[in-house]
Amino acid sequence: KEFLGLKYKDPISSFSDFQEFSVSYPEVYWKTVLDELSASFSVPPQCILRENASAESHLSDPGGQWLPGAYLNPAKNCLSLNGKRTLDDIMVIWRDEGDGEMPVNKMTLKELRTEAWLVAHALETLGFEKGSAIAIDMPMDVNSVVIYLAIVLAGYVVVSIADSFAPGEISTRLILSKAKAIFTQDLIIRGDKRIPLYSRVVDAQSPMAIVIPTRGLSFGMKLRDGDISWHDFLGKVKNLKEVEFVAVERPIEAFTNILFSSGTTGEPKAIPWTLATPFKAAADGWCHADIHKGDIVAWPTNLGWMMGPWLVYASLLNGASMALYNGSPLSSGFAKFVQDAKVTMLGVIPSIVRAWKTTNCTASYDWSAIRCFGSTGEASNVDEYLWLMGRAQYKPIIEYCGGTEIGGGFISGSLLQPQSLAAFSTPAMGCSLFILGDNGIPIPSNVPGIGELALGPLIFGASTTILNADHYNVYFKGMPVWNGKVLRRHGDVFERTPRGYYHAHGRADDTMNLGGIKVSSVEIERICNAVDNNVLETAAIGVPPPGGGPESLVIAVVFKDSNNSTPDLNELRMSFNSAVQKKLNPLFKVSCVLLLSSLPRTATNKVMRRVLRQQFARINQNSKL
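About the thresholds
- Residues numbered from 1 in each chain as written.
- Predicted model: local features only at pLDDT ≥ 70, side-chain atom pairs only at ≥ 80, totals over all residues.
- Heavy atoms only, no water.
- Helix = DSSP H or I, 4+ residues; strand = E, 2+ residues; numbered from the N terminus.
- Rg over C-alpha atoms; globule rule 2.2 N^0.38 Å.
- Buried < 20%, exposed > 50% of the residue type's maximum accessible area, 1.4 Å probe, protein only.
- Contact = heavy atoms within 4.5 Å.
- Disulfide = S-S within 2.5 Å.
- Salt bridge = Lys/Arg side-chain N within 4 Å of Asp/Glu carboxyl O.
- Pairing = 2+ DSSP bridges.
- Axes fitted to C-alpha atoms, helices over the stretch in contact; angles between N-to-C directions.
- Polar contact = N/O pair within 3.5 Å; in protein donor to acceptor, adjacent residues only side chain to side chain.
- UniProt positions renumbered as here; feature names shortened; annotations may be inferred.
- Core = buried A, V, L, I, M, F, W, Y, C linked by side-chain atoms within 4.5 Å.
- Phe/Tyr/Trp six-rings, centres within 6.5 Å; stacked < 30°, edge-to-face > 60°.
- Lys NZ or Arg CZ within 6 Å of the ring centre and 35° of its normal.
- Domains from an automatic or database assignment.
- Nonpolar A, V, L, I, M, F, W, Y, C, P; charged D, E, K, R; others polar.

A.B. asks: Just checking my understanding: could you explain the overall build of the chain for this structure?
C.D. replies: Along its length, the chain carries 18 helices and 33 strands. The C-alpha radius of gyration of the chain comes to 24 Å, within 12% of the 25 Å expected for a compact globule of 625 residues. Its C-alpha atoms give the chain principal-axis dimensions of roughly 75 × 70 × 55 Å. By residue count, 56% of the 625 residues in the chain fall in the buried class. In the chain, 67% of the contacts between residues at least 6 apart in sequence involve partners at least 24 apart.

Structural data, given as C-alpha cells:
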C-alpha cells in the first residue's frame, strides 16, 4: 500500500501492479528486500543501482552496476545472528540413505558456525591468495554445505562440479576455473552400489584433493601424493575449534561461485556469480515461495547445479532450515525423510515426480507439513502435478524458471496469484519479460503469443562475465533495443496464454534439457559419432512428449553407406546410451534412434535440429493417435 498508493486494492488483486513497481523503481524495491533479508555490509553501497548514463556505455554494459562500492561476505550473512534467528535454531536437517529407522540429524546455527569456522581456518593453512578458486565435487550433504560456506567465508571462490560427471567433464571445469584445490569423497553409496568418486577426480588430473570418507572416520584406499584426508586437513587446526573465523569482506563485483551452463559450442560456459547473486536467490525464495523462519526447505539437487547454491542461500538468508537427504530422491527412503523432517517446502524436477507416480513410493508417508511445492529444471505435466498436489492435501506448486547466469528465476508462480498447473503466472519480481514476434520486436505485454523470450537487462545479481566467452556477444549482441535498453537473450521459447499465464516450449537454440540438466547437442553428437565406424553423422535432439513434460533424448543417424543392410537400431541405441553415460553423464538416456538418409541443413550447412524436432514430434503424435 505504501508503494502503490491509490492504485492499491489488496495484496492479491494488486500483485501485478507491485511486480511492475519492482521493475520501475528498483532502488526502492531492492532496498526493501535487502532490509527484509537483514543484509549486512562492512562498507555500505553508494546506491542500489547505477545505470550507465550515456547510450554508448549502456550498450557495452547493459546490466548497470548494482550496489556499487559495497563490501560484504554472503556466508557471514548466512551465519550471523539477527532478528530472524538464535544460536539454538536448527539450520540443517539431514539423513543418509539406509538410516530410515533412525531419527533425523539436526545442526543448530551455533554448530553450523563452529564447523564452517574450523574448515575456514584449515583453508587458510593452504596459503592460497584470496579470490582463488576451490572446487567441490561431492553429493549435497551436510559436509559439502559446511565446506561451501567455509570457502566463501574465507574469501575464496567455489567451483561447482556435479558428482555425476565423468573425468573429462571434471577436468574441463577445473581447467576453465583455474581451481587450486578440490574437495571430494572416496565414493558415493547408493543402495547396494558403491560409485567411485575420488578415482574420477584423480583421472581428471585435479589439483590437490581434500578427501572425505563417505561413512565413518577413515577409508582403506591410498591417496595420491599431495592429497590429504579430511581428518588430517582438520587436524591442522584442531586447537582453533570454536574460535570465530573473521569473515573476509570483498567488493560486491568479486566472484563467489563459478558454475557451468552448457553452450551450443560443446564447451560449457563458465559463469561466475558475484557477491550480489546470493541475495537474488534468497529474494526469489522470499518473494515467490514465502520462505521464512520456521520453514524446512528440501530440494533434491547438487552443488554442481545452480539450485544447490540457491538452496543454501534461499533457506539460510531467509532464516529457514534446509533439509538434505544423502541418497536417491526416487526412493521410499526419501519420501520417509520428507515426512520425518517435517518438510514445509519441497522442490522437485518433473522427472522425479514422474518416477514417484509410476512407483507410488510416496504412498504410505504423511506429507501434510508441506505448505507448497516448487518446480524447476524442465517442462512439467498437468496430470503428474495434480497427482503431486494430492500427496499434500492439494497444496500449490510454484513453477520457477531461470538460469545459472541469472542466479535465480526470471519467471515464476506466486502464492499471491491463482496458479495454473504446469504454467507460470508472473515475471519474477524485479524482472521484465518480452516475447519476440516473428519480426524480432516484442509483442505487447497484454497480447497472447509465442516466440523467443528476451529479458530486460537490469536484473539484480545476474551475470556480467563469462570466463571463456564474450558475455556481451552471448547475451546482448543482435538483440532488439526497447525503450532505450538493449534486451537480454535467454534462448527459451515461451507462450503467453489469453488468460495471462506463461508456458515454456523448450530451447530456441541447440541446447536441450535432460532431467533438468542443460546440455548441448554438439557434446552428445561428438560422442555418438565415434561409437560405430559405419556412422557418418548424428544429430541429437530433445523432444517433449505429446502431453507435455520432460524432454526425451532422440538421436538421428546417417550411415556412410545408406544402401547397407538395415542396422539393428536398438543395439545402436544401447551403444549410444553406454557411451553417453560413460563419457558425459550417467543420468542421460537415449530413448530412441531415428534412421535418416541425410540431415536437414541450412544454406550455410548448419544442421536444422529444430526441423528434426518438429518432424519427430509429428511422428510421435501420429503414433500416439
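A.B. asks: How should I be thinking about the state of the cysteines in this particular structure?
C.D. replies: Chemically, a disulfide is nothing more than a covalent bond linking the sulfur atoms of two cysteines. Counted by the stated rule, this structure contains zero disulfides. Cysteine Cys-78 is unpaired, with the sulfur of Cys-287 as its nearest cysteine sulfur at 17 Å.

A.B. asks: What's the story with the pattern of salt bridges in this structure? I'm lost.
C.D. replies: It is possible for side chains bearing opposite charge to pair when their charged atoms get close. For the coordinates displayed, the defined rule picks out 13 salt bridges. Linking Lys-31 and Asp-35 is a salt bridge whose minimum nitrogen-to-oxygen distance equals 3.0 Å. Note that Lys-31 and Asp-35 are positioned in helix H2 (residues 26–36) at a spacing of four residues, about one turn of the helix. The class of Lys-31 is partly exposed, set by a relative accessible area of 47%. Counted as one network, the salt bridges with shared partners bring together Arg-95, Lys-336 and Asp-340.

A.B. asks: Could you clarify how one ought to interpret the sheet that holds strand S18 (residues 345–348) in this entry?
C.D. replies: The pairing of strands in a sheet happens through backbone hydrogen bonds and is either parallel or antiparallel. Here nine strands make up an open sheet; going across it, the order is S5-S4-S17-S16-S18-S19-S20-S21-S22 and the pairing mixed. Edge positions in the sheet fall to strand S5 (105–108) and strand S22 (426–427), since each of these pairs with one other strand and no more. Pairing between strand S19 (residues 372–375) and strand S20 (residues 397–403): three bridges, direction parallel. Looking at the pairing, Ser-375 lines up with Glu-399 of S20. Sheet strands touched by helix H10 (residues 277–289): S18, S19, S20, strand S21 (408–412) and S22. Its angle to S21, the strand with the most contacts, is close to 30 degrees.

A.B. asks: Just checking my understanding: could you explain the environment of Met-107 for this structure?
C.D. replies: By the element assignment, Met-107 lies in strand S5. Overall, Met-107 belongs to the buried group, its relative accessible area being 9%. Between the C-alpha atoms of Met-107 and Asp-470, which are 363 residues apart in sequence, the distance is 42 Å. With residues near it in sequence (within four places) discarded, Met-107 still touches Asp-89, Ile-90, Met-91, Val-92, Trp-94, Leu-112, Glu-115 and Val-142.

A.B. asks: Would you explain the side chain of Asn-257 in this entry?
C.D. replies: The residue Asn-257 is located in strand S14 (residues 255–262) in this model. Residue Asn-257 is classed as buried on the basis of its relative accessible area, which comes to 0%. Looking at Asn-257, its side chain comes within polar contact range of the side chain of Tyr-148, at 2.7 Å. Within the local environment of Asn-257, its side chain forms a polar contact with the backbone oxygen of Val-158, the two atoms lying 2.9 Å apart. Other than its neighbours up to four places away in sequence, Asn-257 contacts Tyr-148, Val-157, Val-158, Val-159, Ser-160, Ile-271, Pro-272, Trp-273 and Pro-309.

A.B. asks: So what exactly am I meant to see when it comes to the UniProt feature "transmembrane region" (unreviewed entry) in the chain here?
C.D. replies: Residues annotated by UniProt as "transmembrane region" (unreviewed entry) correspond here to residues 145–166. Taken as a whole, residues 145–166 contains 41% helix and 18% strand, while its terminal C-alpha atoms sit 22 Å from one another.

A.B. asks: Sorry if this is basic, but what is going on with the nonpolar core here?
C.D. replies: Across soluble globular proteins, you tend to see nonpolar side chains buried next to one another. Ranked by size, the top nonpolar core spans 94 residues in total, and within it Leu-123, Leu-149, Phe-183 and Phe-233 carry the most contacts. The biggest single contributor to this core is helix H6 (residues 142–153), with 10 residues. Beyond its immediate chain neighbours, meaning those up to four positions away, Phe-233 contacts Val-119, Ala-122, Leu-123, Leu-126, Phe-183, Ile-210 and Ile-228.

A.B. asks: Would you explain the packing of aromatic side chains in this entry?
C.D. replies: The geometry of two aromatic rings is summed up by the distance between their centres and the angle between their planes. Under the defined criterion, the tally for this structure stands at 22 aromatic pairs. Judged by centre distance (5.3 Å) and plane angle (80 degrees), the rings of Trp-66 and Phe-460 are edge-to-face. A residue pair is termed long-range when its members are at least 10 positions apart, and Trp-66 in strand S2 (residues 65–66) and Phe-460 in the loop between strand S24 (449–455) and helix H15 (471–475) qualify at 394 residues. Looking at Phe-460, the relative accessible area reads 1%, which means it is buried. An aromatic cluster of three or more residues is present, and its members are Phe-3, Phe-18, Phe-21, Tyr-25, Tyr-29, Trp-30, Trp-66 and Phe-460. For the cation-ring pair, Arg-488 lies above Tyr-475, with the distance from its terminal atom to the ring centre recorded as 4.5 Å.

A.B. asks: What's the story with the domain arrangement of the chain in this structure? I'm lost.
C.D. replies: The extent of an interface is frequently quoted as the accessible surface area lost upon association of the parts. The domain architecture assigned to the chain consists of domain 1 (14–505) and domain 2 (510–623). Between the C-alpha centres of domain 1 and domain 2 the distance comes to 30 Å. Run the count over domain 1 and domain 2 and you get zero salt bridges. Counting across the domain 1 and domain 2 interface gives two residue pairs in polar contact (both at pLDDT 80 or more). If you list the elements that add at least two residues to the side of domain 1 that touches domain 2, you get S14 and helix H13 (350–359). For the side of domain 1 that touches domain 2, the element with the highest residue contribution is H13, accounting for three residues. Of the residues that constitute the side of domain 1 that touches domain 2, the class distribution is six nonpolar, 11 polar and three charged.

A.B. asks: So what exactly am I meant to see when it comes to the environment of Ser-144 here?
C.D. replies: Examined against the element boundaries, Ser-144 turns out to sit in helix H6. Sequence separation between Ser-144 and Ile-212 is 68 residues, and the spatial gap between their C-alpha atoms is 9.7 Å.

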